[in-house]
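The residues making up each chain are set out below.
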Amino acid sequence: MSQLFSPFALGPLQLKNRIAIAPMCQYSAVEGLATDWHMIHLGSLALSGAALLIIEATAVSPEARITPADLGLWSDGHQAALAPVIAAIRKHSPIRLAVQLAHAGRKASSQVPWEGGANIAPGDIGWQTVAPSAVPHAEGEAVPLALDAAGLQKVKDDFVAAARRVHALGIEGIELHAAHGYLLHQFLSPLSNRRDDQYGGALENRMRFPLEVFDAVRAAVPREVAVGVRISASDWVEGGWDLEQSIVFANALKQRGTDFIHVSSGGISPLQKIPVGPGYQIQFAERIKAATGLPTIGVGLITEPEHAESIVLQGQADVVALARGILYDPRWPWHAAARLGAHVDAPPQYWRSQPHHLTTLFGATRLGQR
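Residues numbered from 1 in each chain as written. Predicted model: local features only at pLDDT ≥ 70, side-chain atom pairs only at ≥ 80, totals over all residues. Heavy atoms only, no water.

## Some remarks on unusual backbone geometry
Link 1 in the chain: Phi is positive for Y27, which is not a glycine, with a value near 50°.
Link 2 in the chain: Positionally, Y27 belongs in the loop between β3 (19–21) and α1 (36–46).
Link 3 in the chain: Overall, the relative accessible area of 16% leaves Y27 in the buried class.
Link 4 in the chain: Even without a glycine there, the phi angle at E31 is positive, about 55°.
Link 5 in the chain: Along the chain, the position of E31 falls in the loop between β3 and α1. (Helix = DSSP H or I, 4+ residues; strand = E, 2+ residues; numbered from the N terminus. Buried < 20%, exposed > 50% of the residue type's maximum accessible area, 1.4 Å probe, protein only.)

Written out as structure tokens, the structure is:
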């Protein structure tokens, strides 16, 4: 039996296989509201055969957006805009859902990638960013405001309100975005956190605010909602956040009841030097899984089914997440099941596509026609 296609649980979240779809920003919302693009995009991925679909980084407030076109969940109107998309997925797919809740911090107020992705200064479409410290992401960019006590409380309250909307939508999981140089990662990394209060300096202090956000979100939703965290295990910059600190942070999250950890890397600094290659981040997932025993999602240029199978078989990660690879091949789980001799869910409307030599690829199907 293929281990990639064996069941697994992320806390209360039961998965049919070990394939997840990582959150991928689409920059296609209007004032944070989901659009027809989200119906088409998420609907397509929901039919892929993956066990878990994590909806893109979803801003907890207007100023939390990476770009003016980011998806948001900061009002009841935003919840209502996303509801038809969730209802359509529920009607036609057994896939499990989670939402990545995010705050971009100093990397907010940016152009969309296909317009260059540059920082937008405060003005007509840009806004004042916030961060742990008044340190810009790159030289020449707008300087963020350092969050004071009221600002920190607002961020926590925004995460809690968005988490409650996720639950109200009937979505099974929440992933807190503490990776890729965004706000919670900015608190963790000494490259971006220059505070001299209880939220800066020593590792224990730099972890404090992200842990407070986790605690607040965990307390805001019922236990049957899985809550996990995505981290960057390394800044790939000397003197920055690294694997050993990530293990300490992961163990602190474990003590607080996290259901999973999703291991990525990078994003805090333009000085990063990342040796990109197939599975280049799996070493981090493997170390964190071994050191903590947490259910672990691994990600990073995993494109071949045999590679994904090997990762799970060797215990390097419990779940393999795909991002750009599944955009390129939205039926990747079908093709992986065919290569690995496994079964995969497919909607009955597509059963006739099953190749003649793979008679049980979609399980016990039955078709008839006059």
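## Digging into the sheet that holds strand β5 (residues 96–102)
Link 1 in the chain: Here we have eight strands rolled up into a closed barrel, ordered β3-β4-β5-β8-β9-β10-β11-β12, and parallel in their pairing. On average, each strand axis in the sheet is inclined to that of its neighbour by 25°, with strand direction left out of account.
Link 2 in the chain: Contacting β5 and β8 (173–178), helix α3 (residues 149–168) runs over the sheet at an angle of about 165° to β5. (Pairing = 2+ DSSP bridges. Axes fitted to C-alpha atoms, helices over the stretch in contact; angles between N-to-C directions. Contact = heavy atoms within 4.5 Å.)

## Let's talk about the UniProt feature "domain: NADH:flavin oxidoreductase/NADH oxidase N-terminal" (unreviewed entry) in the protein
Link 1 in the chain: Taking the UniProt record as the reference, the feature "domain: NADH:flavin oxidoreductase/NADH oxidase N-terminal" (unreviewed entry) is found at residues 3–337.
Link 2 in the chain: In residues 3–337, the share of helix is 35% and the share of strand is 16%. The end C-alpha atoms are 11 Å apart. (UniProt positions renumbered as here; feature names shortened; annotations may be inferred.)

## Some words on the pairing of β5
Link 1 in the chain: The buried fraction of β5 amounts to six of the seven residues, a majority that puts the element mostly inside the structure.
Link 2 in the chain: Handedness of the crossover is the feature at issue here: the chain leaves strand β4 (residues 52–59), passes through helix α2 (residues 76–92), returns alongside β5, and the resulting connection is right-handed.
Link 3 in the chain: Bridge analysis of β5 against β8 gives four bridges, and the strand direction is parallel. Counterpart to A98 in the pairing with β8 is G173. (Right-handed = clockwise from strand over helix to strand, strands pointing away.)

## Section: the pattern of salt bridges
Link 1 in the chain: If you walk through the whole model with that rule in mind, you get 15 salt bridges.
Link 2 in the chain: The partner of R96 in a salt bridge is E172, and the shortest N-O contact between them spans 3.7 Å. With R96 in strand β5 and E172 in the loop between α3 and β8, the pair connects residues that are 76 residues apart, well separated along the chain.
Link 3 in the chain: Relative accessible area serves as the criterion here: at 16%, E172 is assigned to the buried category.
Link 4 in the chain: With a shortest N-O distance of 2.6 Å, K154 and D158 are connected by a salt bridge. Residue K154 and its partner D158 are located together in helix α3, separated by four residues, close to a single helical turn.
Link 5 in the chain: Relative accessible area serves as the criterion here: at 38%, K154 is assigned to the partly exposed category.
Link 6 in the chain: On the accessibility criterion, D158 (15% relative accessible area) is buried.
Link 7 in the chain: When salt bridges that share partners are traced, they join E63, K154 and D158 into one network. (Salt bridge = Lys/Arg side-chain N within 4 Å of Asp/Glu carboxyl O.)

## Thoughts on helix α5 (residues 203–220)
In an α-helix, one turn spans 3.6 residues, which is why side chains three or four residues apart end up on the same side.
Link 1 in the chain: In this model α5 runs 26 Å from its N-terminal to its C-terminal C-alpha over 18 residues, within 8% of the 26 Å that 1.5 Å per residue would give.
Link 2 in the chain: At F209, α5 shows its maximal bend, which comes to roughly 35°, and the proline P210 appears one to four places after that position.
Link 3 in the chain: Those residues of α5 that sit buried are L203, N205, R206, M207, F209, P210, L211, V213, F214, V217, R218 and A220.
Link 4 in the chain: For α5, the secondary structure elements touched by its buried residues are α3, β8, α4 (183–188), β9 (226–232) and α6 (243–255). (Expected span 1.5 Å × (residues − 1). Bend = angle between axes of the 7 residues up to and from the residue.)

## A closer look at the packing of aromatic side chains
Link 1 in the chain: Under the definition given, this model contains seven aromatic pairs.
Link 2 in the chain: When the centroid spacing of 6.0 Å and the interplanar angle of 90° are considered together, the rings of Y199 and F209 count as edge-to-face. In this pair, Y199 sits in the loop between α4 and α5 while F209 sits in helix α5, placing the two residues ten residues apart along the sequence.
Link 3 in the chain: Measuring from ring centre to ring centre gives 6.2 Å for W241 and F249, while their planes differ by 80°; the resulting arrangement is edge-to-face.
Link 4 in the chain: What makes W241 buried here is its relative accessible area of 1%.
Link 5 in the chain: The exposure class of F249 is buried, given its relative accessible area of 1%.
Link 6 in the chain: Through a chain of ring-to-ring contacts, three or more aromatic side chains come together here, namely F187, Y199 and F209.
Link 7 in the chain: We note R65 situated over the ring of W127; from NZ or CZ to the ring centre the distance is 4.8 Å.
Link 8 in the chain: Between K107 and the ring centre of Y182, over which it is positioned, the NZ or CZ distance is 4.8 Å. (Phe/Tyr/Trp six-rings, centres within 6.5 Å; stacked < 30°, edge-to-face > 60°. Lys NZ or Arg CZ within 6 Å of the ring centre and 35° of its normal.)

## Remarks on the packing of α6 against helix α7 (residues 282–292)
Link 1 in the chain: For the pair α6 and α7, the least separation of the axes is 10 Å and the interaxial angle reads 45°. Classified by the angle between their axes, α6 and α7 sit oblique to one another. Crossing of α6 over α7 shows right-handed handedness. Between α6 and α7, the contacting residues are L243, E244, S246, I247, A250, N251 and K254 on the first element and F284, R287, I288, A291 and T292 on the second.
Link 2 in the chain: Considering only residue class, the contact of α6 with α7 consists of six nonpolar, three polar and three charged. (Parallel < 35°, antiparallel > 145°, perpendicular 65-115°, else oblique. Left-handed = near helix turned anticlockwise from the far one by under 90°. Nonpolar A, V, L, I, M, F, W, Y, C, P; charged D, E, K, R; others polar.)

## What to know about the packing of α1 against α2
Link 1 in the chain: With their axes 10 Å apart at the nearest point, α1 and α2 run at an angle of 25° to one another. The angle between the axes of α1 and α2 places the two elements in the roughly parallel class. Relative to α2, the crossing made by α1 is right-handed. Listed contacts from α2 to H38, M39, L42 and A46 of α1 are P84, V85, A88 and I89.
Link 2 in the chain: Residues belonging to the contact of α1 with α2 are distributed by class as follows: seven nonpolar, one polar and no charged.

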